Structure formats: structure tokens, C-alpha cells
Amino acid sequence: MSENKDLHVVTPAPEGQKFVYDFTEGNRNLKDLLGGKGANLAEMTNLGLPVPPGFTITTEACKVYLDSGEAPEALRAEVSAHLEALEQKMGKKLGQPDNPLLVSVRSGAKFSMPGMMDTVLNIGLSDKSVTGLAKQAGGDERFAWDSYRRLIQMFGKTVLGVDGELFEEALEQAKAAKKVKVDTDLEAADLKKLVRKFKKIVSDEAGRDFPQDPREQMDLAINAVFDSWNTDRAKLYRRQERIPGDLGTAVNICSMVFGNLGPDSGTGVAFTRDPASGHQGVYGDYLQNAQGEDVVAGIRNTVPLADLENIDKASYDQLMQIMETLETHYKDLCDIEFTIERGQLWMLQTRVGKRTAGAAFRIATQLVDQGLIDEAEALQRVNGAQLAQLMFPRFDEEAKTEKLGRGIAASPGAAVGKAVFDSYTAVKWSRSGEKVILIRRETNPDDLDGMIAAEGILTSRGGKTSHAAVVARGMGKTCVCGAEEIEVDTKRRRMTAPGGIVVEEGDVVSIDGSTGKVYLGEVPVVPSPVVEYFEGRMHAGADDADELVAAVHRIMAYADRVRRLRVRANADNAEDALRARRFGAQGIGLCRTEHMFLGERRELVERLILADTDDEREQALGALLPLQKADFIELFESMDGLPVTVRLLDPPLHEFLPDITELSVRVALAESRKDANENDLRLLQAVHKLHEQNPMLGLRGVRLGLVIPGLFAMQVRAIAEAAAHRKNAKGDPRPEIMIPLVGTVQELEIVREEADKVIAEVEAASGTNLKLTIGTMIELPRAALTAGQIAEAAQFFSFGTNDLTQTVWGFSRDDVEASFFTAYLEKGIFGVSPFETIDRDGVGALVRSAVEAGRATRPDLKLGVCGEHGGDPESVHFFHEVGLDYVSCSPFRIPVARLEAGRAAAQSSGSDSR
């Protein structure tokens, strides 16, 4: 049980600071202060929509509470004043025995965190006021006792830390004793008994009785909502969604309206468009005679929102009108929670709804066509992560499959993995390298760990607005919900499909979040239509083109029109270069020549390393030259008319030699048999000679070019001769020579002098003017700090942010990611790995400094980045801000970089205009 504190404990607040706002005082622009829920409740109130009266406690109050462990001094008085005003408006007092005012206490952070923080309904009910509630409801005792048991259950679990399973077990026992399957079939007498049992559970487990004072209930619930900001599941969700941890949550106190008053009452969730596909229509779930948590939890299966027209046409028509009002007002897909109390519609929440990646692109273009937003705003409604998700493969519809069942297509994608039936196992197996599908009857916030670890989620209950569906869509995770024909038995760790097919834990299943189909075994996948579009195999606008592809085409065309950053590819051969070009690459930003020395050519590198004389070394280099030249001819031809940045040999030479341990064993065994191989002995001597304790900081990059005579000259000659060959073939080669790992301008000057001499020789021999440029990678802190000096000899910089991150942080990437990065992420030291997203404060500061110093020396200095940060959405925005000319990334990430470069330009343009 967690310690709870009443609001009377005090911490002084800044003079004049206001901690509580009535719904009539706020608006949607106050999300930082009122949270998303509070700001939008205020906005709906301002629009004249039917919102139950209430007030919001600000995020600032939460911050004070979390920092000091005590509520602000002014908070209790402000809450009391607003509660009194609410009581006057409603004509009844909180928990009044004969005519009780009941309220809900709900969390509401700036950014939506569905199910991650706490909510308590029916605050104000007690042994005395439950009879008053029955009287309010026209003598409906069943409704009153159902509301009371819900309060004790939610309060016990949320506020007093009682295991929620104990309440669920007691409810199941009550239904079994009555021989009914759903809780709505329990009568008032049954619910009275259940309340007594629930109160005993609270007393036994929490060490105190359920509080009968309504104000104590409310104060404890407020504190519990504050505390829920820092629960493990909330912190995990924030890390997953990259939500800052210092925002705090607001608390919304709202007068209760009841959907559990009978068949003319109910509760539901609605979307102004389908959040899974983006299609317009009537989407959502409705549940008669229920309260809000029944829908979201997925415990009872809902009916489609369209059925409400037959159940309560007046409320349905009013809801449709309100949905149109909200979408037009917010100019976006809206997610709406509502309750109908005896034919009266009440709006409990609205927010800009989470959506799948495909829906995001479709909706953005639809809203442009409707004149609600312009193209620049449409570009901000999508992002690179969503585009990357659309490029994932999908199931092959032609493949032979064994269908297990079908549910609701809640979040698209093709997911394959071993069946697991609890969150702990999902995490454990995932960490050992297994791909898993998390299968539950329904999920709850405690399943978040497993949902993150799993490839996809399958539930037998719930709909498109259930916890599983909402969270999965937010994470871009494949999800199928409400597969009712599949029986899930979590205790026996198995599920049973129609026909008696049993799937045990560990069996492989496949789920299709686009169709809702569930299959036994692994279903093969095929490329997504978006990838086919980028590769030119599907053309947007053709008769058979998917409307999703058409939406992506429109968004990408606008991004390409407005972006300033050019996008290049990291590619080492003609095949990769051609694919990159199809994906929209505007050149190659990194060709790693060491990849050209693998395979059969490794023997030639060995000969170079083992050369004892100048003649032997020249012979080895002479053998490599035509091979390198042929590689470059192919590469320049595939990228004709576009720049190709060729990095000279970078890695330590020992990487081209056999493993020292294996070679030592081989030589030792040969010597024991007295048949030692002379070449192996020479190799072993070379390996020992070149062995380094930390090769990443040893003899590599420019140091190799300075220590191994003729190595860089051979590569420069191969580049120059290949360029001359393409020129004479009427091509347009544009090679750029990049010297790696430079730390001081003197290194670059020596290599450049040799390179210029070789280039001049080739130009003279071929009769061509090659116009080759020579630059360097900035991948060492010293290079960044002396960029002004290095720019005197460099015509371009390319930031090697992978190595720069390693050297700034003092990390060995291959070691630290496996040893302690997980702990750093869990402890919040990293919000995200610095190898995934640029570290703006450290590595980013050096990049910014080098840009400024380099351009101060050489104003026309070309600047790019060639680490994988070049394809990371957030990092692309940083590179736009600091003024780079291009980013370079792997071919598959090129569309993402193009989109984010456009978004960055549109954002900065919007900021400038404001």
C-alpha cells in the first residue's frame, strides 16, 4: 500500500499563482497548464456543448506536489471554493446523504497517455449516500449499489494500492453464484453483498476501512492522480513516446453523469474518422447500461456506434452534429468520450485522436481537399516514423494459410511471433531474442511492458477504442482486438480456436492488423505498396493504385518542393546506388571503400599487409587498382549527374587478417605436427604486429594513408581514372574524395598534396578536366574544435556522427549498447540512445561549432552528415537548423529523410512568418 497524504499538508506557492480553473475559464491553448483533457473540456464548454460542470487542478500544482511531497498551500482553499461553486450550480453537496453530488477525479496530462494514469469515478458515495443516489434515480437500488461497488473497486485499486484481481475474483464469484455471465444481470441484493465483500477486501489488504467522508475520498483521489504520474507504467510509456518527465499531470474534477442507469443510458467512444484507415464515416463503440471504464477496458464487448441510431436516435443525431462541429473546429480527427444519461447526451472528453500511419497520410490529404488545412499543415500532420511503418512488409495474400479466427482490425501491420499469455513472459522472451505475440482476453495498463516487447497484440475482447487498440495505435504496433471466437485461457497459457485448434505458449502465430485475421504458423510477407511506389513499381494515380499510395505521393511531392536539405545515400555498390536513386537519393554521401576489399580481394589486402619490400607493396597496390577502378566506374554510372562521396580506406588493417586466436591455434597445431605453413607464420607475425588494444582509436583512417606508402594514392588514382573513363564516355561523374579520421589540418594537407598530384597526372593522361573536390570527415572532437583551420584545406565537411558520438561520450558502441544502455534508458539518463538520435547538447554542440567555424574560413564550404543519424527524423530537424546542405543515410531511410527535411523547412518557415 502506498502512503497517501491529505491536501491539508502545505507548501507555500508563488504569490498570486492560481492552481484551479473552472471549465468556463480555460481553453484548448492551455494544455501546458490544464493538460489535454482539462483544456479540451474547457474548449467544449466554450463551444456551448453539453459538458458536465467541473474544474481542473493545474499541472503546476502537480509539480509542486511531486517536488516536495506536499500539496501547495493554496490548493486546498482553491479546491474548496470551486467545489462550493459546483455544489451551488448543481443544487446538492458532495456526498450529501439524501441527494448526493458525485464527481469523477481524472488525470489529464499535456500529451495523451491512454490508461497510464489514474481515474476514480463516483467519488462521494458512502454507506449513507448510496440510498440518496437510489432515490435520485427514482428508486433504482441496483444502479446505486452498482455505482458504489465500482467506486470501492476503483478507489481500492487506484488510491489504496489493493490488488485489482481480488475485486475481479469477487465479482466473478458473485456472477457464478447467481449463474449469470455479465455483471448487468446481478440484482441490487447481489450488489449489496458484493459491496460488503469489496469493503472487507479493502480493510484486509489496505489496513484501513474504505473512507466514508466524501471530501477525504476526493483529496486522496487527487493525490493518487498526482502520484500516478510517476508510476512505472507511466514512466515507461513516456520513454516509449518520448514525453518529457517534468510536465506533470492536471486533475479534472467533473460532476458525474451516469451511463449505468438502465437501457436508456450508456457510454461510448467515437471518432470523427476511422483511426485505423482514415476513412470518413461513423466509427466508435457504444455500451448500454455501462460506465466509461467498461468500454475502454474491453471487459464487455461493445456494439458499433452506428447501432446507437436504432437504440436512441435523438442522442445519435445530436452526437453526429457535435462530431462535425468538433472536427471542423479542431481541423483534425477527434476522439470523443460521451455518456448518455436517460436520453441526455453528455460530452466527457475530446482530443485530437491517435491514428495509424496510413490513416495519418489519408486524413492529412482529405483535410486539404476539404479546405480545412493547407499543404504546409498537412506536412506537419505526418512524420517519418509513420512513413517508415508504412514501408514494412505485409502478408502475402496468395500464401497458403491456416486461419484461426478473425477479430477487429485495430492497428495495421503484419506481425509474426511465438504466442505468450502474459506481459512478463513477453518481455523475458523478447530480451532473449524471440519474437512474440502478446495474447490476452483484454489488456490493461499493467501490460504495457509486454505490449512494447511484443511484435503484435491479440485480444479476445474489446473494440477499436479498447485499451489494447488505443495504445497499440499510438505505438504503431500491430493489433487485433475482439476476436470473440478465440477462447483465451491465460492460466493454462493457451488459446482455443474454432474447430478445437489449440495454440500453446510458444507456438508461432501471425496476426494481420489490417484485416483482423489470425493465422497459425508463420505467414510469408511481401513488400508494402508504399515501397513498390518508391521503387517505381506502382504509380500513384493509376487505376489500380491504392489511395494510401496516392496520399503518400502528394505529401512527398510537397515535402520535396519545400525542403532545403538534399538527401543522399550511404551506398557502396551500383546495386544499392540504383535502389537509392529510385527512393529519391540526390547522390551518395558515403561510399565505404573498405567494403570493396572483402571476399576474394581479401588475399590482395593480405599481400599488401605482408609486403616486406617496396616492390611487393607496389605489386599488391597495382593488383588492387584495376579492381577499384572498375567498382568506381559502375558506381559513377549508376549515379551519373549526381555527387558521389568516396571515403578512402578507414578501418584498421587487422580487420582484413584472420582472427588472432584462430590463427594462433592453427599455427600451434601445425608446429606440433611439424608441418607449419610459412604463410601462416608470416600472417601470425603481421597480426601480432598490427594488434591493438583499442583499434577504433588506433591505426586507421588518415593515419593509414600516411603510414602505408601508396595506399591512398592508389585509391585516388582509381577514382580519378574511373571519372575520366566516364567523362570520355559522355557521362557526368561527380566524385568527391573524403579523407577519414582527420584530427589536425596538417594530416589533411599532406594527403591532399599527394592526391592533387595524382589527379593532375590522370587529367594529363586522359585529356580531361575532372574537377574533383577533396574534403574530410569530422568525426573527432579535435577536428570539430579546429574546424576553422581544417577548412583551409578541405572543400567539404561530412560529419561522421557515429564515431563522433563514440569519441565525445567515450563509448565503444559495440560494447556499451549490450552492457549498460538498457539500464541508462530505464533510469532516464537517456531518453533515447545517442546513436539513434543526435545528442544535441554534446555532439550537436560540436557540430554547430564546426559548421560556424568552417564557414567562417570558407563561406562556400559544403556540409553534410553521413552517420545513420542522417535518416533519424529528430536528427534531420537538427541538421536543418544548423545549416547543413545534405544528409546521407541508408537507402531504405531516404524517403523518411526527404519527408522530415520537408517538415523541418515548413516548420522553420512557419516560425519565421510568426
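Quick notes on the rules
Residues numbered from 1 in each chain as written. Predicted model: local features only at pLDDT ≥ 70, side-chain atom pairs only at ≥ 80, totals over all residues. Heavy atoms only, no water. Phe/Tyr/Trp six-rings, centres within 6.5 Å; stacked < 30°, edge-to-face > 60°. Helix = DSSP H or I, 4+ residues; strand = E, 2+ residues; numbered from the N terminus. Lys NZ or Arg CZ within 6 Å of the ring centre and 35° of its normal. 1 Å grid on protein atoms, 1.4 Å probe; cavity = no way out; pocket = protein on both sides within 12 Å on 5 of 7 lines; lining within 4 Å. Points joined across faces, edges and corners; volume = space filled by probe spheres on them. Nonpolar A, V, L, I, M, F, W, Y, C, P; charged D, E, K, R; others polar. Patch = residues over 30% accessible without salt bridge, like charges linked within 9 Å, V, L, I, M, F, W, Y side chains within 5 Å. Areas by Shrake-Rupley, 256 points an atom, 1.4 Å probe, with all protein chains shown as cover. Salt bridge = Lys/Arg side-chain N within 4 Å of Asp/Glu carboxyl O. Buried < 20%, exposed > 50% of the residue type's maximum accessible area, 1.4 Å probe, protein only. Pairing = 2+ DSSP bridges. Axes fitted to C-alpha atoms, helices over the stretch in contact; angles between N-to-C directions. Core = buried A, V, L, I, M, F, W, Y, C linked by side-chain atoms within 4.5 Å. Contact = heavy atoms within 4.5 Å.

J.: Could you give me a rundown of the packing of aromatic side chains, with the residues and numbers involved?
T.: Following the criterion strictly, the structure yields 21 aromatic pairs and no others. Ring geometry for Trp-809 and Phe-830: centres 5.4 Å apart, planes at 90 degrees, overall edge-to-face. With Trp-809 in helix α31 (residues 801-809) and Phe-830 in the loop between α33 (821-826) and α34 (843-857), this residue pair connects regions lying 21 residues apart in the sequence. Between Phe-820 and Tyr-824, the ring centres sit 4.8 Å apart and the planes meet at 55 degrees, which makes this aromatic pair tilted. Through a chain of ring-to-ring contacts, the aromatic side chains of Trp-809, Phe-811, Phe-820, Tyr-824, Phe-830 and Phe-835 assemble into a single cluster. The ring of Trp-229 carries the charged tip of Arg-238 above its face, separated from the ring centre by 3.9 Å. The ring of Tyr-886 is capped by Arg-568, whose NZ or CZ atom sits 3.8 Å from the centre of that ring.

J.: Describe empty space enclosed by the protein, naming the residues involved and giving the relevant values.
T.: Gaps between atoms show up when a probe of the same size as a water molecule is rolled over them. Counting across every chain of the model gives four cavities of 30 Å³ or more. The computed volume of the largest cavity comes to approximately 150 Å³. In terms of residue count, the dominant contributor to the lining of the largest cavity is strand β5 (residues 249-255) (three residues). Grouping the constituent residues of the lining of the largest cavity by class yields eight nonpolar, seven polar and two charged. Taken as a whole, the second largest cavity holds about 70 Å³ of empty space. In terms of lining, the second largest cavity is formed by Ala-364, Thr-365, Val-368, Glu-375, Ala-378, Leu-379, Arg-554, Ile-555 and Tyr-558. Those elements that place two or more of their residues in the lining of the second largest cavity are α13 (357-369), α14 (375-380) and α20 (547-562).

J.: Lay out a nonpolar patch on the surface in plain terms, naming residues and giving numbers.
T.: Side chains of Leu-706, Val-707 and Ile-750 sit close together on the surface and give an oily, nonpolar patch of about 260 Å² of accessible area. Along the chain, Leu-706 falls in helix α26 (residues 702-707). Accessibility expressed as a relative area gives 37% for Leu-706, which makes it partly exposed.

J.: For the sheet that holds strand β15 (residues 436-440), give the residues involved together with the corresponding values.
T.: By way of backbone hydrogen bonds, the strands of a sheet pair with one another, either parallel or antiparallel. An order of β12-β22-β21-β14-β15-β16-β17-β13 is seen for the eight strands of this open sheet, with the pairing classed as mixed. Since the sheet does not close on itself, it has two edges, and those belong to β12 (402-406) and β13 (408-411), each with one partner. On average, each strand axis in the sheet is inclined to that of its neighbour by 30 degrees, with strand direction left out of account. Note: strand β14 (residues 414-420) against strand β21 (residues 508-512), five bridges, orientation antiparallel. Opposite Val-416, over in β21, you have Ser-510 as the bridge partner.

J.: Any chance you could break down the sheet that holds strand β7 (residues 280-288) for me, citing the residues and the numbers?
T.: One open sheet accounts for five strands, arranged β8-β7-β6-β9-β10; its pairing is antiparallel. In this open sheet, the two edge strands, each paired with only one partner strand, are β8 (303-304) and β10 (344-352). Relative to strand β9 (residues 334-341), strand β6 (residues 266-273) runs antiparallel, the two being bridged by six bridges. Bridge pairing links Val-269 to Glu-337 in β9.

J.: Go over the pattern of salt bridges with me, naming the residues and quoting the values.
T.: One pass over the structure, following the stated rule, counts 55 salt bridges. As a salt-bridge pair, Arg-461 and Glu-442 come within 3.0 Å of each other at their nearest N and O atoms. With Arg-461 in the loop between β16 (456-459) and α18 (467-475) and Glu-442 in the loop between β15 and α17 (448-453), the pair connects residues that are 19 residues apart, well separated along the chain. A residue is classified by how much of its surface remains accessible, and Arg-461, at 29% relative accessible area, is partly exposed. Measuring nitrogen to oxygen at the nearest pair gives 2.8 Å for the salt bridge that ties Lys-862 to Glu-736. With Lys-862 in strand β30 (residues 862-865) and Glu-736 in strand β27 (residues 734-739), the pair connects residues that are 126 residues apart, well separated along the chain. By relative accessible area, which is 30% here, Lys-862 ends up partly exposed. A relative accessible area of 4% means that Glu-736 is categorised as buried. When salt bridges that share partners are traced, they join Arg-142, Asp-146, Arg-149, Arg-150 and Asp-183 into one network.

J.: Summarise the nonpolar core; cite the residues concerned and give the values.
T.: Ranked by size, the top nonpolar core spans 132 residues in total, and within it Phe-361, Leu-387, Val-552 and Ile-739 carry the most contacts. Residue contacts for Ile-739: discarding those within four places in its chain leaves Leu-648, Val-702, Phe-712, Leu-748, Val-751, Ile-774, Gly-775, Thr-776 and Met-777.

J.: Give a detailed account of the pairing of β5, specifying residues and quantitative values.
T.: Along β5, seven of the seven residues are buried, which leaves the element largely enclosed by surrounding structure. Of the two faces of β5, the one lined by Thr-249, Val-251, Ile-253 and Ser-255 and the one lined by Ala-250, Asn-252 and Cys-254 are each fully buried. In the sheet, strand β3 (residues 103-109) pairs with β5 via seven bridges, with the strands oriented antiparallel. In the strand pairing of β5, Arg-106 is matched with Asn-252.

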